[in-house]
Amino acid sequence: MTTLVYDGSFSGWLTAVFEIYEHRFRDASIQPRHSYQDELLHQRQDVITDEKKSGRVLKGLSERVSRAGLKKLYQAFLSEEKNIENVLLQFVQYTFSSKVTVEYDYGNASVLKVQQMAKTVHREKHRMEAFVRFQLTKDNLFYSIVQPDFNVLPLIRTHFKDRYADQRWLIYDARRRYGIYYDLHEVTEITIDFSESLNTDGGSVYDENEEMYQQLWQQYFSSVNIKSRKNTKLHIQHMPKRYWKYLTEKQVF
């Protein structure tokens, strides 16, 4: 059995799919480099990401799968679930081997899994768009630290670029150690050594009015909260506790 080891990117995964067809591997699997483990009787083949190869696979899929279906495929990839690369490979193989559209054939395990994971990742995307809280630094950079369950930064970049087009901002994923940065012109991915402690112990880099702004936001949140109608169970359902760590209204000065 051949195991294709790729760099963890979507283009890298598409390149691996291309090479499976190019070399006609009959029994192959795909694993990301950061979690690869040698297995007995498995032959390793390293994949070098190639935009032309990945583009050809994407073009072939676009002729058989709707735009919405391709979006779900990408969302499922961003779930980073264990073995998701091979579930998606099975989806692609089923798609290319069929003469009819298969993206709604939920009787097929890979099609159903793609649908389920895409829905879960889409839900996390909307939560991130709602729960991101920016803080202002002395150099007029609005930053936010997040820890989403899935790798949703690529999915929220357009939302924040459109909504905050007149200010510089950085959204940093502390779990995956990379961020998206907007410089008033475009959004780019950056990798930096950015300590989570900045969120709670960053007084030296805060704008002098930042603490006041946060206190005003907390006061507003408290004023609109009607205690007699408090429903903790429903509140946690809509705003799970795992998000509270970086929410201004949940902090105590």
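Each remark here, short or long, concerns the structure printed above.
To keep things clear, this report deals only with the structure shown in the data block.

Parameters at a glance
- Residues numbered from 1 in each chain as written.
- Predicted model: local features only at pLDDT ≥ 70, side-chain atom pairs only at ≥ 80, totals over all residues.
- Heavy atoms only, no water.
- Core = buried A, V, L, I, M, F, W, Y, C linked by side-chain atoms within 4.5 Å.
- Buried < 20%, exposed > 50% of the residue type's maximum accessible area, 1.4 Å probe, protein only.
- Helix = DSSP H or I, 4+ residues; strand = E, 2+ residues; numbered from the N terminus.
- Contact = heavy atoms within 4.5 Å.
- Axes fitted to C-alpha atoms, helices over the stretch in contact; angles between N-to-C directions.
- Parallel < 35°, antiparallel > 145°, perpendicular 65-115°, else oblique.
- Nonpolar A, V, L, I, M, F, W, Y, C, P; charged D, E, K, R; others polar.
- Pairing = 2+ DSSP bridges.
- Patch = residues over 30% accessible without salt bridge, like charges linked within 9 Å, V, L, I, M, F, W, Y side chains within 5 Å.
- Areas by Shrake-Rupley, 256 points an atom, 1.4 Å probe, with all protein chains shown as cover.
- Salt bridge = Lys/Arg side-chain N within 4 Å of Asp/Glu carboxyl O.

**Comments concerning the nonpolar core**
Membership of the largest hydrophobic core comes to 46 residues, with the highest contact counts inside it found for W13, I30, L88, W169 and I171. When residues in this core are grouped by element, the largest group, seven residues, is from helix α1 (residues 10-22). Residues contacting L88, with those up to four places away along its chain left out, are W13, L73, A76, F77 and V114. Listed in part, the six residues of the second largest apolar core include L141, I145, Y172 and A174.

**Some words on the packing of helix α3 (residues 67-77) against helix α5 (residues 109-131)**
Where α3 contacts α5, the two axes come as close as 8 Å, and the packing angle between them is 75 degrees. Relative to α5, the element α3 lies roughly perpendicular. Only V114, Q115, M117, A118, V121 and H122 of α5 make contact with α3, whose side of the interface consists of K72, L73, Q75 and A76. Among the residues making up the contact of α3 with α5, the classes are represented as six nonpolar, three polar and one charged.

**A few points about the sheet that holds strand β2 (residues 28-32)**
With parallel pairing, three strands are arranged side by side in an open sheet as β2-β1-β3. Here the strands that pair on one side only, and so sit at the sheet edges, are β2 and β3 (43-46). Taking the axes of each pair of neighbouring strands and ignoring which way they run, one obtains an average angle of 30 degrees across the sheet. Strands β1 (2-6) and β2 of the sheet are contacted by helix α4 (residues 84-97), whose axis makes an angle of about 140 degrees with β2.

**Thoughts on a nonpolar patch on the surface**
Together, Y104, Y106 and L112 line one region of the surface with nonpolar side chains, adding up to about 300 Å² of accessible area. Structurally, the position occupied by L112 is in helix α5. Look at L112 and you get partly exposed, because its relative accessible area is 33%.

**Observations concerning the pattern of salt bridges**
A complete count under the given rule lists ten salt bridges for this structure. One salt bridge connects E63 with K59, and the closest N-O pair in it is separated by 2.9 Å. Among the salt bridges present, the one from R64 reaches E63, with a minimum N-O distance of 4.0 Å. Residue classification places E63 among the exposed residues on the basis of a relative accessible area of 55%. A single salt-bridge network, built from bridges that share partners, covers E19, E22 and K53.

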